[in-house]
Structure formats: structure tokens, C-alpha cells
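Secondary and tertiary structure notes
Now for the letters of each chain:
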Amino acid sequence: SRALASPGQSLPTQVKGSRGFRLTGTMATATSFPASQIFTNCNYFPAEFSLVATLKILRLKHKTSEYIFSMVKEGPDLLLLGLLGDHPPCSKREHGQLWFNTQSKGLFICDGLMWKTLLQSKERLDYVEDYEDLYTRSKTLDIEVFSIPSEGLFMAAANKLGSGIFRWKNGSFHFYQNISTQEARAWKHFTIDDKTFLVVADLREVEPELSVIYRWNKRRRRFVRYQALETHGAQDWEAFQIHNNSFLVVANHRARDFNYNIHSVIYRWNPDTKLFEVNQTLQTTGAFDWEFFTVGPYHFLVVANTFDGRTTTISSTIYVWLDGHFKSFQNITVFGATDWEAFQIDGRFFLVVANSHKFADTGQSLYSLNSTVYELNSLTQTFIRFQEILTHSALDWEFFIIGDEKFLVVANSHDGSSYSLNSIIYRWQGYEGFVPVHSLPTFGCRDWEHFRTDEGSFLIYSSATSRLSKVFRLRTY
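Below is a summary of the structure that appears in this document. (Residues numbered from 1 in each chain as written. Predicted model: local features only at pLDDT ≥ 70, side-chain atom pairs only at ≥ 80, totals over all residues. Heavy atoms only, no water.)

**Some words on the overall build of the protein**
Which entries qualify depends on this criterion: Starting at the N terminus, helices and strands are each numbered in turn, a helix being any DSSP run of H or I of at least four residues and a strand any DSSP run of E of at least two. Throughout, exposure labels follow a simple rule: accessible area from a 1.4 Å probe, protein chains only, divided by the maximum for the residue type, with under 20% read as buried, over 50% as exposed, and the rest as partly exposed. In this description, contact between two residues means that some pair of their heavy atoms is separated by no more than 4.5 Å. Shrake-Rupley sampling with a 1.4 Å probe provides the accessible areas, and residues are treated as covered by the protein chains on show and by no other component.
Helix and strand counts for the protein come out as three helices and 35 strands. Expressed as a percentage of the 477 residues in the protein, the buried residues total 48%. Across the protein, every contact between residues at least 6 apart in sequence was considered, and the portion connecting residues at least 24 apart equals 40%. Approximately 25,200 Å² of the protein is accessible, and the part contributed by carbon and sulfur atoms is 50%.

**Concerning the pairing of strand β11 (residues 184–192)**
Here is the rule: We call two strands paired when DSSP finds no fewer than two bridges between them.
Most of β11 sits inside the fold, with eight of its nine residues counted as buried. Bridging between β11 and strand β12 (residues 195–202) involves eight bridges; their strand directions are antiparallel. Pairing of Ala184 across the sheet is with Asp202, part of β12. Here β11 folds back onto β12 in antiparallel fashion, the turn holding two residues, of which Asp193 has a positive phi close to 50°.

**Here's the deal with the side chain of Lys470**
Summarising the element assignment, Lys470 is placed in strand β35 (residues 468–476). Since its relative accessible area comes to 11%, Lys470 is described here as buried. When sequence neighbours within four positions are dropped, the list of residues in contact with Lys470 reads Asp130, Glu132, Asp133, Leu459, Ile460 and Tyr461.

**Digging into the sheet that holds strand β7 (residues 140–148)**
We apply this condition: The convention used is that axes are lines fitted to C-alpha atoms, helices contributing only their stretch in contact, and that angles between N-to-C directions extend from 0 to 180 degrees.
Judged by pairing direction, the sheet is antiparallel, and its four strands sit side by side in the order β7-β8-β9-β10 without closing on themselves. Both outer strands of the open sheet, β7 and β10 (172–179), are each paired with one neighbouring strand and no more. The mean angle between the axes of side-by-side strands here comes to 25°, regardless of whether they run parallel or antiparallel.

**A look at the state of the cysteines**
Rules: In this description, a disulfide is simply a cysteine sulfur pair whose atoms lie within 2.5 Å.
Under the defined criterion, the tally for this structure stands at one disulfide. Here Cys90 is linked by a disulfide to Cys110, with a sulfur-sulfur distance of 2.2 Å. As the torsion about the S-S bond is roughly 95°, the Cys90-Cys110 disulfide counts as right-handed. Within this pair, whereas Cys90 is found in the loop between α3 (76–82) and β3 (98–101), its partner Cys110 is found in strand β4 (residues 106–110), the two being separated by 20 residues in sequence.

**Re the sheet that holds strand β32 (residues 434–443)**
One open sheet holds the four strands; their spatial order is β29-β30-β31-β32, and the pairing between them is antiparallel. The two strands at the open ends of the sheet, each matched to only one other strand, are β29 (394–402) and β32. Neighbour-to-neighbour, the strand axes of the sheet open up by a mean angle of 20°, direction not taken into account.

**Notes on the pattern of salt bridges**
Formally: Salt bridges are counted wherever a side-chain nitrogen of Lys or Arg sits within 4 Å of a carboxyl oxygen of Asp or Glu.
A full pass over the atoms with the stated rule returns 17 salt bridges. The salt bridge partner of Glu129 is Arg473, with a shortest N-O separation of 3.8 Å. Highlighted residues: Glu129 in strand β6 (residues 125–135) and Arg473 in strand β35, separated in sequence by 344 residues. In this structure, a network of salt bridges that share partners links the residues Arg124, Glu405 and Arg427.

**Quick word on the packing of aromatic side chains**
As a reminder of what qualifies: We call Phe, Tyr and Trp rings a pair once their centres come within 6.5 Å, taking the six-membered ring for Trp, and we label the pair stacked below 30 degrees between planes, edge-to-face above 60, and tilted otherwise.
Scanning the entire structure with this criterion turns up 48 aromatic pairs. Centroid distance Phe240 to Phe326: 5.9 Å. Interplanar angle 80°. Geometry classified as edge-to-face. Taken together, the residues span a long stretch of sequence, with Phe240 in strand β15 (residues 234–242) and Phe326 in strand β22 (residues 325–335) at a distance of 86 residues. Each member of the pair, Phe240 together with Phe326, is buried. An aromatic cluster is built from Phe343, Phe350, Phe386, Phe399, Trp428 and Phe434, whose rings are joined through pairwise contacts.

**Things to note about unusual backbone geometry**
When glycine is set aside, most residues are seen to have a negative phi, and most peptide bonds are trans. Along the chain, Glu207 connects to Pro208 via a cis peptide bond; the corresponding omega equals -10°. Turning to its location among the elements, Pro208 is positioned in the loop between β12 and β13 (210–217). Of note, the phi angle at Asn244 is positive, near 65°, even though the residue is not glycine. Within the secondary structure, Asn244 sits in the loop between β15 and β16 (245–252).

Remember, this is a structural readout, not a statement about activity or role.
Written out as C-alpha cells, the structure is:
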């Protein structure tokens, strides 16, 4: 409105569905105006900025069916896709084509790799079915499901004496790459500047004890060794970004002399050297897990402290980012904490801890105990107890969403006598909190991951006592 004297000065153009004005040559100069009219509070012209315009076309009728068929009318191939019920192929050849799934009542577009949702009715979880048995080289202590652009879906399994990378193909996971590890405890996937990385928490018998970062090589289509960092009984990595800075934090569990009161380390990515460098150390006690989360403009880290050498009844600390460093925000008493999961429901912020067991130097152990859901109280500005859930040596929580429904699934691993236990899916019921809706038979359950593919929504769990990991399909209606 400020640049164009009249609509006739520049003809609208349309490119791949985006409609706008093309300003070139003398026309662009003629439509200039002082930048101060837009950047009213800035004394300098920004190096980069974006202008976003939203246009409301009054003549467009709000009838979904007409809108769909006006899109598929452009070609016979698109119309054929609209009549298919099973998943059609999606490759570079089908890029830009539409598909209407008559089963899920959804409209999708092919991006050259996978089908992306345009319109779809809300799903509801109906039941859970056994989908795939996945055998790894040894017991699996952690799984990490992630995507690589133009390549697809992958899973990293943390195994002893060699870890495996699996790729999702034709509706199931297939072995893809072996990575040499000694006693891998966890994998973490992250990206920096469109580069894909994996970092492993690895226990090694030799000094110095090193955990390794791997980078995806596009030419070789494999993960290759990138950087090694010294760790101490590493159990977990967390990756996060603050103000365009990339960080890694390691959960150092114990030193060689079995001292559990040691420092865990935060590393910051140096864009000049393209390496991670020590940024800050935090005192932890048998650290087992880190979780990063954001509430409004504030950034938090919470550590799951497990054992201090005498007892598992200890404090775990929530840290808040202030003045370029993490500072203590709140201490919460835990019982052998092995995992924190942060999630948000309808503007409310929650944390749930996995309490694995109560143990004291008297030798008594209790594996069946409550794990706790905490909610951030805006008045006290602290996390307060919201709900207690009975668990059996809980090792992991996974939060996931299907349609408008929110769920938590717990990894129950041991009750003191057996590793064959039911792990439970809980559904959010508002005032009632989380209520159990599905019981899944598991054996030594260690970790849960939720993921989606063209075939639907899935859960996969790893076993700390068996080579068998299982994939479940979440059937919806």
C-alpha cells in the first residue's frame, strides 16, 4: 500500500501457488520508500529482514469440496490420486501431486519424498497392535528416531559392542549402518546449519573416556566420525539452541573412582572452528538424563540425578538461563531419577519424572513407587506436584499427541522380581489428569519413542535385557 501508487503499476504473478507482485528494474526503484516508515524503532537498517503480507480474496467460496476439486482438476494424474485409498508412491516424479485418502479423510501433497498433510480430520486413538519385532546385536539401552532431509526416517540403537543405525523402508526398519561403540548408553540427533549429527553417550574402559559426535556425509550417505569429547560414565546427551547458539550437555554419571558427585559439561558450538567447546560445568550427582525446555522467553535445563553413592533419595535441579549461563532455579526430591519429560497442554507447562527405585545404604530397595507429574505455577513461579502415578522402576516417559488427544507412556522395567511387566499408556483427561487407557506387555522396557510415517502413528520400545525391540502401531479412527 505504501510502495504501489496504483495496482496497475505492477502485474500480479503466480509461482507454484504463491501469488504476489514481481518488482524488477526501474519498477522496483520507482516503488521505493523510506525504510524508517517500517523500522520505526531501529536506528540502523537491518542486514536481513522479511516482509509478510496476508491477502484475503473475497471471491473465494469457503466450500472445502469445491476447493479440493479445483486443485485436482489441473491434471488427470492428480484426480487419480484423489481416488486411491492406499498410499501411492511419492518421489520426485510425483512432486506437487495431490492425494485424497478416503480412509483417513485427508488431503495430502507430495514434496518429492513423503506425503505432507494439507487437510485432515482429527484422529482419535482406538487401539494398539503388535507391528514389528526388531532384533539388534545386543540389549538396547536407548533408541533415537529421526529424519534426514531427502533420505527419510532413521533409528539409532544404543548397543554394547557396536551400535546399529536402521532405516525405515517399505513399512519397517531395516539395518543400515554399524557404528563402533563399546557400551553405548544413549544417542542424540541434532542439526546445525542444515548439517545432520548424532552424538553417542559411550562408556569405555580406557582413559580418556570419549563420547563421539558423528556427522552425516551426503556423498557417502553414512555417518562418519566428526569430534570426540571426554566424558565420565556418560548416560545421556541433550541438544538445544538458545538465541541461534547451538549447545550440547552431557550427563556424566560417575568418575573412575566411583565418585558420583562430579561435573556435567555444557558445550557450545563454535561457528568459526566448527567444533564444540566447553561453555559451562554444572555439579551433578549420578546424572542420568538432561531435558531442555522453554517457557515463554525463558530457557530451562533439568537434570535427573540418580545416586550419590549411598542413597537414591536425592535432589534434582532445574536450571534457568540468565545472563548467558544456567543458574539454579529449583530443587526437587527424586528417587533414583532416570528421566524427565517436559510437555505443554493448553498453555500449561508440565514436567514428569521417572523414579526408578528407592535404595539406601541399609540395603533395602523398593522398585514399585510413584513417579510424579509437576506443573508450573504462575503465582509461585515454581513447579508444584500435580499427580502421582504408580510405576515399576520407571526408566523413561514419552509424551505424544494424536489428533487433539495427549498421551504419556511409561517404561516400566522391573518390580523387584520380574522384568516382564506391562508398560502403560495414559491419556490426558483434564481435571482427572492422566488416566490409564492401554497396557502393553514389555520385557525390561528401557526407552520409548513415538514417530509417524506414511503408514500411520507408531511407538517403539527398547529392552535393556533382550535383543528384541518392538514396534507398535497406534490404530486411529
